[in-house]
Each structure stands twice: as structure tokens, then as C-alpha cells.
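Architecture and fold: a report
So you can see what is in the structure, the chains are spelled out below.
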Amino acid sequence: MRTLQSSEITKAVKDLAMSASCDLEPDILDHLVAARDREKSPLAKNALEMLITNANIASREQIPVCQDTGIGVVFISVGQEVIIEGDLENAVQEGIRAGYDEGYLRKSVCDPVTRKNTGTNVPAVVHYELEPGDRVHIAFLPKGCGSENMSGLVMLPPSAGIAGVVDYVVQKVKDAGSNPCPPVVVGVGLGGTFEKAALLAKKSLLRPLGEPNPDKNVAEIEQEILQRINREGQGVMGWGGVNTALAVHMETYPTHIASLPVAVNIQCHAHRHKEVEL
Amino acid sequence: MDIEKHLPKREKSGFENLKPVRVPFEEGVLETLQAGDLISLSGSLFTGRDQTHRRLVTLLDEGRELPVDLKGQLLYYVGPSPAKPGQVIGAAGPTTSYRMDAYTPRLLELGLKATLGKGARSMVVRAAMKKHGAIYLATIGGAGALLSKSIVKSELVAFEDAGPEALFRFEVEGFPAVVINDIAGNDFYEIVKARKQ
Ligand code: SF4
């Protein structure tokens with residue numbers, strides 16, 4: 001067994017929170033550059049250049065890429081041979097609180113009834129998993145809600161088939177229009193149950209951008225959805241062009257014989273995600 | 001991360017070929033702006049998002065005076081991130097506008113002349129804009145660091161306890177925007193969609 005102090009978790013979460021908001025990962029940047037290079041619409045090309053410049057200024061001056069530094073979503077996978085000393089949930093929330101405070105990040109979390117801001121960006125939404133081994137993996141995804149609000153879930157009848165799944169996802173992105181700051185990343189969860197599909201959609205966003213699902217059949221569906229979305233012509237910011245979406249990630253899970261749950265989690269081009277292993 | 005090699009030749013804080021526009025708007029300028037025009041705003045504007053709107057409209061419902069006179073003004077939908085010491089403002093890009101739709105007609109009645117955010121407006125808001133001769137602008141979402149460079153001054157006006165949802169007055173120089181709804185009632189997002197079909 002390996003022992004890990006909860007203070008180490010706090011420090012790791014704080015560092016993730018602070019760097020995620022200002023330093024876009026290279027996979028996102030590469031996609032923005034590729035999008036700019038294939039873009040024909042002068043306005044959209046210009047906007048993509050501005051997004052690349054924005055990422056540069058943000059990283060150089062440590063200003064958040066986007067003022068909406070999100071509600072924190074944390075995925076923690078704890079090795080079964082690890083003993084964590086102290087309160088894990090508290091340790092994570094304390095890391096978020098400290099990171100948002102010291103990083104001059106926006107506090108955007110409020111009570112759903114009173115709408116009163118908690119003032120600390122705490123609590124984050126934390127998902128726990130167990131894994132074999134003696135490591136702890138932490139993934140942090142600050143989620144802006146211009147894009148989160150455009151997400152959706154449907155329990156399709158199995159007769160709708162993959163064609164129905166593709167139609168639903170494409171329509172969701174179309175209906176979202178310019179609200180989620182396209183170019184977007186589309187996370188899709190297919191199968192499982194109501195809540196499993198939503199979680200799969202969110203988790204698919206953690207995959208390196210554009211990396212296909214290892215299952216060839218699923219990867220083909222990802223490509224089909226991506227191409228259909230980009231043929232719609234809404235483009236960057238809804239101002240036209242061929243870059244409405246940068247990537248579609250789909251994760252699947254076996255489902256009930258009577259069920260076909262589909263969840264779509266929309267993410268914006270300011271796709272901030274960071275991971276660490278302890 | 002090696003961003004430098006990807007950088008455009010020059011650091012743009014706006015679009016190419018912008019039409020400079022002063023805010024608050026000078027007499028006769030709104031009439032010249034058309035859906036799809038790229039403009040660069042300089043002057044002063046007010047900010048507000050969800051809670052700001054809720055509070056403004058609550059004050060109106062209670063028959064009380066607003067902390068600002070919105071007549072002729074531009075209202076920017078933004079909740080900035082906090083400024084670090086020495087900075088004018090943190091990241092300050094647009095928030096999604098439809099969430100303000102429920103409140104906007106009330107403010108247009110007071111003489112508000114333009115709003116600035118991202119995303120499409122409801123038919124009700126579009127009709128109210130047409131009636132009151134107001135326009136709607138969008139700027140680039142998710143470029144808060146870049147856009148902060150066009151904000152040269154920020155002062156708190158009201159609702160300090162609302163945190164990022166307080167009402168600020170910004171002075172801007174060369175702030176880039178696209179005209180989405182002009183006073184004739186055209187909608188740039190619809191124009192883009194029609195182009196595709
Ligand atoms: S949708 Fe994303 S990029 Fe757009 S304002 Fe929200 S967090 Fe920022």
C-alpha cells in the first residue's frame with residue numbers, strides 16, 4: 001500500500017486550476033491552427049487568427065483564455081493500493097478554492113435556488129473512480145456554461161438506430177448556433193443508462209482532441225457526425241465557414257435491450273483540460 | 001508550449017477592414033450600420049449580465065431609479081475575470097445574449113440603443129429593437145484575454161456585491177464587433193444560414 005497526504009491532492013488540484021485557465025493544451029492549439037489553414041471564409045479565418053493570438057496573450061501574460069473560467073469538473077481515479085490520509089473531497093475543494101483565488105479566476109458558482117454566488121467557485125463537481133495500482137489520476141475540466149447550456153440528452157427508441165443518433169447530435173449543434181462559441185468540441189455518450197450516457201459524454205472530452213475512438217465502428221460515427229456538422233456552414237462564431245466543430249468524441253457503453261440513451265455535451269473552442277498523475 | 005510559431009504575422013486586436021464607430025453613438029450613425037458590418041468601437045459603455053439585468057428590472061418594477069441612465073447607451077454582456085494588480089481588467093469577452101432576452105425590451109424602452117454579446121436574440125427582442133431603433137452586436141467569444149487589450153479603463157458603477165455580475169463602465173478603444181441585427185431588422189446569423197442553402 002502507498003500512502004498519499006490529502007495536502008498533495010490539494011496542491012495538485014490548485015496547480016491544475018490555475019494553469020488550465022491560462023495555458024491551452026497543444027492539442028487544442030494545433031486544431032485551431034489547422035482550422036485556420038483550411039478556412040476559406042475571410043471573416044472566419046480572421047476570427048480563428050484572433051483565437052490563436054488570444055491563446056498566445058493568455059499564456060504569455062497569464063490572463064485567462066476566457067473570462068468564464070467555469071465551474072470545476074474533476075475526475076479522480078484512485079488506485080486501489082493507495083491510502084489517502086485526510087478528507088479527499090475537502091482536499092479537492094480546497095485546491096479549487098485556492099486556485100481560483102490565487103489565479104485571479106472568475107468565481108461563477110452560485111446556489112441554484114437563490115442564485116447567490118458562493119464567492120469561491122466551490123464546490124466543484126467531483127467524480128470518483130477506482131482503478132488498479134497505486135497511482136492517483138486527476139483530470140480537471142473547467143466548464144464554461146455558454147457551451148454546457150447547449151448540451152442535451154435523449155432516450156431514443158432502439159428503432160431510431162445509429163441514423164437517429166447522428167441526427168440528434170447534428171441537430172443539437174445546429175440548434176446551439178453561435179451560443180457555445182463555435183468551433184466546438186462535441187462529446188457524445190451512447191448507451192448505458194440516463195446518467196451513464198451523460199457521464200460518458202463529459203468524459204469523452206478528456207480524450208486528446210481529435211483522437212478517434214479505438215473501436216473502428218464508433219470512430220466512423222464520430223467522423224460522420226463531424227462532417228455533417230461542418231457541412232451545415234454555421235462556422236466560427238456562427239459567422240460562416242467550414243469550422244463549426246473541431247472534433248467529435250464518442251464513448252459507448254452497453255445498454256438495455258429496450259434503450260438507446262444519447263447524451264451530447266458541447267464544449268467550446270476554449271477547451272481547457274489538464275491532467276496529472278500522483 | 002510553442003505558440004509563437006503559429007502566430008499570425010501581426011498581432012491583431014480586431015478584424016481587418018473595420019469601420020470605426022464612437023460610443024455612445026453619434027447622431028445618424030446607427031442608420032449607417034448594416035448586419036454583417038465589422039466595426040471597431042471606441043468610447044464608453046456599460047456592462048451587465050444575468051444578475052445585473054434582474055436587479056435593474058426589479059428596480060423598475062418597484063418604481064425606483066436606476067443607478068445609470070441607459071438612454072443612448074451600449075450595454076455589453078460580460079462578467080470579467082478579476083484584474084491582477086496593475087491590470088485594467090482580467091479577461092473580458094462576451095457572454096451568451098439570449099439569457100438577457102427576458103429583460104432587454106424593458107431596457108430598450110428606456111432608450112438603450114445597442115447591446116453587445118454573442119449568439120442569436122429572440123424574435124421578441126428583435127421586434128423591440130426594430131420598434132425602438134436599436135441594434136445588436138456580437139464580438140468574438142472565448143477571446144477574453146485579447147479583448148481585454150481594447151479596454152482601457154474600468155470603473156464599478158453599481159451592484160458590487162454581485163461580484164462578476166456587477167455593473168461596470170468601460171472605456172474602450174478599437175473594440176471589435178460584428179453587427180448582427182441592424183435597425184432595419186436584418187439578422188446576420190440568418191444571412192449566413194441562407195447563404196448555405
Ligand atoms: S462558451 Fe466557452 S469560450 Fe464561450 S464564453 Fe463560455 S467558456 Fe468562454
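This write-up is about the structure you can find in this document. Owing to the predicted nature of the structure, the values given are computational and were not obtained by experimental measurement.

**As for the pattern of salt bridges**
One pass over the structure, following the stated rule, counts 30 salt bridges over all chains. With a shortest N-O distance of 3.3 Å, A:D134 and A:R135 are connected by a salt bridge. Judged by relative accessible area, A:D134 falls into the partly exposed class, the value being 28%. Notably, a salt bridge pairs B:R126 with B:E190, separated by 2.9 Å at the nearest N-O pair. Of this pair, B:R126 sits in helix α3 (residues 123-132) while B:E190 sits in helix α5 (residues 188-196); the two residues are 64 residues apart in sequence, bridging distant segments of the chain. On the basis of relative accessibility, which here comes to 14%, the residue B:R126 falls in the buried class. Through salt bridges that share partners, B:R49, B:D50, B:R99 and B:E165 make up one connected network.

**What to know about unusual backbone geometry**
Excluding glycine, residues mostly carry a negative phi; peptide bonds, for their part, are mostly trans. Residue and element names in this part refer to chain A. With an omega of 10°, the peptide bond between P182 and P183 qualifies as cis. Within the element layout of this structure, P183 appears in the loop between α6 (161-176) and β7 (184-191). The phi torsion at Q62 lies on the positive side, around 50°, for a residue other than glycine. Note on placement: Q62 falls in the loop between α3 (42-61) and β2 (71-79). On the basis of relative accessibility, which here comes to 29%, the residue Q62 falls in the partly exposed class.

**Some details on the site of the ligand**
Neighbouring residues of the ligand: 13 residues in total, closest A:C66, A:C181, A:C268, A:R272 and B:G142. Near the ligand, residues from chains A and B are present, making the site a shared one. For the shell around the ligand, the residue count by class is 6 nonpolar, 4 polar and 3 charged.

How each quantity is defined
- Residues numbered from 1 in each chain as written.
- Chains lettered and ligands numbered in written order.
- Predicted model: local features only at pLDDT ≥ 70, side-chain atom pairs only at ≥ 80, totals over all residues.
- Heavy atoms only, no water.
- Salt bridge = Lys/Arg side-chain N within 4 Å of Asp/Glu carboxyl O.
- Buried < 20%, exposed > 50% of the residue type's maximum accessible area, 1.4 Å probe, protein only.
- Helix = DSSP H or I, 4+ residues; strand = E, 2+ residues; numbered from the N terminus.
- Near = heavy atom within 4 Å.
- Nonpolar A, V, L, I, M, F, W, Y, C, P; charged D, E, K, R; others polar.

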